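This is what each chain is made of:
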Amino acid sequence: MQGDTEGAVPEQAFIPDRVLIEDLQVRLARARKVAVLSGAGISAESGVPTFRGSGGLWQGRRAEELATPEAFNRDPKLVWEFYDYRRRALSELSPNPAHIALAGLAEKLIDRDAKEGGLTIITQNVDGLHRSAGSKALLELHGNIWRVRCTGCGAVTENRDVPIEILPYCRLSPCKELLRPDIVWFGEMLPEGIFEEACRVAAAADIMLIIGTSGVVQPAASLAGYARAGGAYLIEINPEKTPLSESMDQSITAKAAQLLPLII
Ligand code: OAD
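Residues numbered from 1 in each chain as written. Predicted model: local features only at pLDDT ≥ 70, side-chain atom pairs only at ≥ 80, totals over all residues. Heavy atoms only, no water.

- An unreviewed UniProt entry lists the protein chain under the name NAD-dependent protein deacetylase of SIR2 family, with hydrothermal vent metagenome as the source organism.

### Let's talk about the site of the ligand
- Neighbouring the ligand are 22 residues; Glu45, Phe51, Arg52, Ser214 and Asn238 lie closest to it.
- Residue Gly41 places a main-chain N or O atom 3.4 Å away from a nitrogen atom belonging to the ligand.
- The separation between an oxygen atom of the ligand and a polar main-chain atom of Gln124 is 3.1 Å.
- For the ligand, whose free accessible area comes to 790 Å², the fraction covered by protein is 91%.
- The site holding the ligand turns out to be the largest pocket.
- Among the residues forming the shell around the ligand, the class breakdown is nine nonpolar, nine polar and four charged.
- Counting residues domain by domain, the shell around the ligand receives three or more from each of domain 1 (16-48 + 95-142 + 190-263) and domain 2 (49-92 + 143-183). (Near = heavy atom within 4 Å. Polar contact = N/O pair within 3.5 Å; in protein donor to acceptor, adjacent residues only side chain to side chain. Areas by Shrake-Rupley, 256 points an atom, 1.4 Å probe, with all protein chains shown as cover. 1 Å grid on protein atoms, 1.4 Å probe; cavity = no way out; pocket = protein on both sides within 12 Å on 5 of 7 lines; lining within 4 Å. Sits in = over half its atoms within 2 Å of the grid points. Nonpolar A, V, L, I, M, F, W, Y, C, P; charged D, E, K, R; others polar. Domains from an automatic or database assignment.)

### Observations regarding the pattern of salt bridges
- Evaluated as defined, the whole model comprises 14 salt bridges.
- Where Glu165 meets Arg171, a salt bridge forms, and the shortest distance between an N and an O atom there is 3.9 Å.
- For Glu165, a relative accessible area of 48% puts it in the partly exposed group.
- Through salt bridges that share partners, Arg131, Glu140, Arg147, Arg149 and Asp182 make up one connected network. (Salt bridge = Lys/Arg side-chain N within 4 Å of Asp/Glu carboxyl O. Buried < 20%, exposed > 50% of the residue type's maximum accessible area, 1.4 Å probe, protein only.)

### Observations concerning helix H7 (residues 194-204)
- Regarding H7, the residues found buried are Ile194, Phe195, Ala198, Cys199, Val201 and Ala202. Considered in projection along H7, the buried side chains sweep an arc of 165° and stay on one side of the axis.
- Packing partners of the buried residues in H7 comprise strand E1 (34-38), strand E2 (119-123), strand E3 (138-140), strand E7 (207-211) and helix H8 (223-229). (Helix = DSSP H or I, 4+ residues; strand = E, 2+ residues; numbered from the N terminus. Arc of directions from axis to C-beta. Contact = heavy atoms within 4.5 Å.)

### Looking at the domain arrangement of the protein chain
- Each domain of the protein chain was delimited in the assignment, giving domain 1 (16-48 + 95-142 + 190-263) and domain 2 (49-92 + 143-183).
- Relative placement of domain 1 and domain 2: their C-alpha centres are 27 Å apart.
- Each side of the interface is counted separately: domain 1 has 15 residues, and domain 2 has 13 residues.
- When domain 1 packs against domain 2, close to 1,000 Å² is buried across both sides, 55% of that on carbon and sulfur atoms.
- For the pair domain 1 and domain 2, the interface holds one salt bridge.
- Glu140 is the salt-bridge partner of Arg147, the closest N and O atoms lying 3.3 Å from each other.
- At the junction of domain 1 with domain 2, the criterion picks out five residue pairs in polar contact (both at pLDDT 80 or more).
- Taken together, the residues of the side of domain 1 that touches domain 2 sort by class into seven nonpolar, six polar and two charged. (Buried area = accessible area lost by both parts, 1.4 Å probe.)

### A look at the nonpolar core
- If you look at the biggest cluster of nonpolar residues, it comprises 30 residues, and the most contacted ones within it are Val34, Leu209, Ile211 and Leu260.
- The set of elements that each furnish at least two residues to this core consists of helix H1 (18-30), E1, helix H5 (97-113), E2, E7, strand E8 (233-237) and helix H9 (256-263).
- With six residues, the top contributor of residues to this core is H5.
- What Ile211 contacts, discounting residues up to four positions off in sequence, is Val36, Leu37, Ser38, Gly39, Ile42, Leu102, Ile237, Ala256 and Leu260.
- Listed in part, the 24 residues of the second largest apolar core include Ala71, Leu90, Ile164 and Trp185. (Core = buried A, V, L, I, M, F, W, Y, C linked by side-chain atoms within 4.5 Å.)

If you want it as structure tokens, here you go:
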């Protein structure tokens, strides 16, 4: 027993299981292809609220009420104010040790395999934090909050304005139509081809890490099944159990930023 705190374990304390950690280290050290499916939970320790946790509301509204094409058609100013709020908040935040550990693992796999793509991150997050951490092989299934798309000509451009002009218009003459966030809203299709690519990555993986996702949003959650069918070893990292937990080889109850630096 360490210290003199009369046995009290602080709520945040994380006590890793040595045997488990070593097993995961060995598996990752042997892997050639690793797929990661990440969700909002991986950014929780950077300070980004999850969707289904507390703190996911803006002005009493749920994301499902604002992140829809119907909401944007009805009141684009309100929707842009919501995204401006999220962009301002995100501009203050940084990648956490979980994002950074994954970027480091990608580098190790490149060294091992002498090519890029040994580790591919398939993320449902739009916050851009994997990219900020240095990850390059990245499939952003739901888009990216730092890109805008013209509702007229469809052109997609990076836009890091904080605050962003409300309402922003396309500057690519002669279009000048309203811009929208380049994000997949509820009820919309994923960008063309991206899910097929994610399926290929999942099916080719030796290991899939499923990190910080509630596993209830399709088609992302189904990628675990593609990885399983391809023979991957499935590892979930989440402080809560999810509908995916039972089908995992390892379902580890832990926070991503605490566990990932230990196993990578
Ligand atoms: P959710 O908010 O549904 O789930 C977040 C998950 O992260 C939960 O299972 C938490 O238990 C877990 N979690 C919380 N803190 C964590 C930590 N420190 N480390 C690891 N896990 C942690 O978010 P998603 O599953 O990403 O879609 O939601 C998927 C999609 O639903 C989002 O991309 C969004 C939303 O509707 C669109 O906007 C299209």
